[in-house]
Amino acid sequence: MTVTLEVAEGVGTMRLDRPPMNALDIATQDRLKELAEEATRRDDVRAVVIYGGERVFAAGADIKEMQNMDHAAMVQRSRGLQDAFTAVARIPKPVVAAITGYALGGGCELALCADYRIAADNAKLGQPEILLGLIPGAGGTQRLPRLIGPSKAKDLIFTGRQVRADEALAIGLVDRVVPAAEVYEQAHAWAAKLAQGPAIALRAAKESVDTGLETDIDTGLAVERNWFAGLFATEDRERGMRSFVEEGPGKARFL
């Protein structure tokens with residue numbers, strides 16, 4: 001399999017495994033969608049790590065495969081491409097990308113689908129599609145400007161240039177830079193900590209933020225309001241407030 005899902009202690013690791021560069025061919029895209037939907041369904045998966053291995057996250061689409069596709073073929077395929085990445089973005093649980101080596105093109109777009117990005121100090125990220133006479137097609141023109149702002153996103157998309165980890169951190173493309181040997185360990189620790197948290201409240205927080213970014217503030221506030229009130233019906237809310245009153249803040253256990 002080009003992508004696997006391994007679950008331990010509430011953390012599901014979606015591991016890309018298509019040597020040498022984890023090129024995202026159609027089979028890999030479809031497998032990503034399948035496993036994202038599985039991670040969404042499974043109660044034992046409470047947080048997710050997306051990881052490409054020690055050497056590379058994902059260097060982009062499979063250009064040799066795409067070279068043989070004409071306009072009609074890509075009209076048929078482009079929705080499947082976007083649907084695969086959207087399935088990852090819509091996992092209703094905390095998702096962290098553990099970025100090693102290259103995250104280019106589709107690899108960068110996959111990282112954009114995560115809630116948080118931890119990059120190796122030798123990582124390089126970018127959207128080089130313009131150098132092929134193309135634009136990003138797996139969400140890059142939409143998720144990148146929402147993350148780093150339109151002017152910075154246009155710079156990367158228009159030029160196709162790669163950015164090193166330090167610049168990626170400075171512009172907000174990644175959230176933490178660590179030594180390469182520690183990327184997966186730190187990403188897993190981030191996910192494991194959240195896997196111990198209140199699952200429904202985390203889902204509510206993610207959906208409220210993501211929906212609010214895609215709509216007007218009044219609609220976003222309505223989503224927040226409905227989730228906020230709804231959480232008063234959950235056992236986790238009862239447990240959290242009881243612990244606060246009896247033991248003080250930050251001591252509630254939700255598992």
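For the structure, see preceding data.
So, here is what we can say about the structure in this document. Note that this is a predicted model, so its numbers are computed, not measured.

### A few points about the nonpolar core
Thinking step 1. In terms of nonpolar packing, the biggest core is built from 60 residues, with F57, I99, L125 and L173 touching the most fellow members.
Thinking step 2. With six residues, helix 3 (residues 71-89) is the largest single contributor of residues to this core.

### Section: the sheet that holds strand 7 (residues 124-126)
Backbone-to-backbone hydrogen bonds join strands into a sheet, with any given pair of strands oriented parallel or antiparallel.
Thinking step 1. Here three strands make up an open sheet; going across it, the order is 5-7-8 and the pairing mixed. Every other strand in the sheet has two partners, leaving strand 5 (102-104) and strand 8 (162-164) as the edge strands with one partner each. Taken over all neighbouring pairs, the strand axes of this sheet differ in orientation by 20° on average, direction set aside.
Thinking step 2. Bridge count between strand 7 and strand 8: three bridges; the pairing is antiparallel. Paired with G126 across the bridge in strand 8 is Q162.

### So, the environment of T86
Thinking step 1. Summarising the element assignment, T86 is placed in helix 3.
Thinking step 2. T86 gets classed as buried once you look at its relative accessible area, which sits at 19%.
Thinking step 3. Each C-alpha atom, one on T86 and one on A138, is 8.5 Å from the other, the two residues being 52 residues apart in sequence.

### Focus on the pattern of salt bridges
Thinking step 1. For the structure shown, the criterion picks out 13 salt bridges.
Thinking step 2. One salt bridge connects R18 with D62, and the closest N-O pair in it is separated by 3.1 Å. Note that R18 is positioned in the loop between strand 2 (11-16) and helix 1 (26-41) and D62 in the loop between strand 3 (47-51) and helix 2 (63-67), a separation of 44 residues in sequence.
Thinking step 3. For R18, a relative accessible area of 24% puts it in the partly exposed group.
Thinking step 4. For R42, the salt bridge identified is with D44, shortest N-O distance 2.8 Å.
Thinking step 5. Judged by relative accessible area, D44 falls into the partly exposed class, the value being 37%.
Thinking step 6. Shared partners join several salt bridges into a network, and the residues in it are R18, D25 and D62.

Quick notes on the rules
- As a convention, each chain's residues are numbered from 1 in the sequence order in which they are written.
- Thresholds applied to this predicted model are a pLDDT of at least 70 for local features of residues and 80 or more for the giving and counting of side-chain atom pairs; totals over whole chains, interfaces and linings are not thresholded and use all residues.
- Heavy atoms from the whole structure form the basis of all side-chain values; hydrogens and water molecules are not counted.
- Within this scheme, the nonpolar core is defined by two criteria: the residues are buried Ala, Val, Leu, Ile, Met, Phe, Trp, Tyr or Cys, and they are joined through side-chain atoms within 4.5 Å.
- Relative accessible area decides the class of each residue, using a 1.4 Å probe on protein chains only: under 20% of the type maximum gives buried, over 50% gives exposed, and in between gives partly exposed.
- Under the DSSP-based scheme used, a helix requires at least four consecutive residues in state H or I and a strand at least two consecutive residues in state E, with every element numbered from the N terminus.
- At least two bridges found by DSSP between two strands are what make those strands a pair.
- The angle between two axes is taken between their N-to-C directions and runs from 0 to 180 degrees, where each axis is a line fitted to C-alpha atoms and a helix contributes only its stretch in contact.
- Salt bridges are defined as contacts in which a side-chain nitrogen from Lys or Arg sits within 4 Å of a carboxyl oxygen from Asp or Glu.

By themselves, these figures tell us nothing about what the structure is for.
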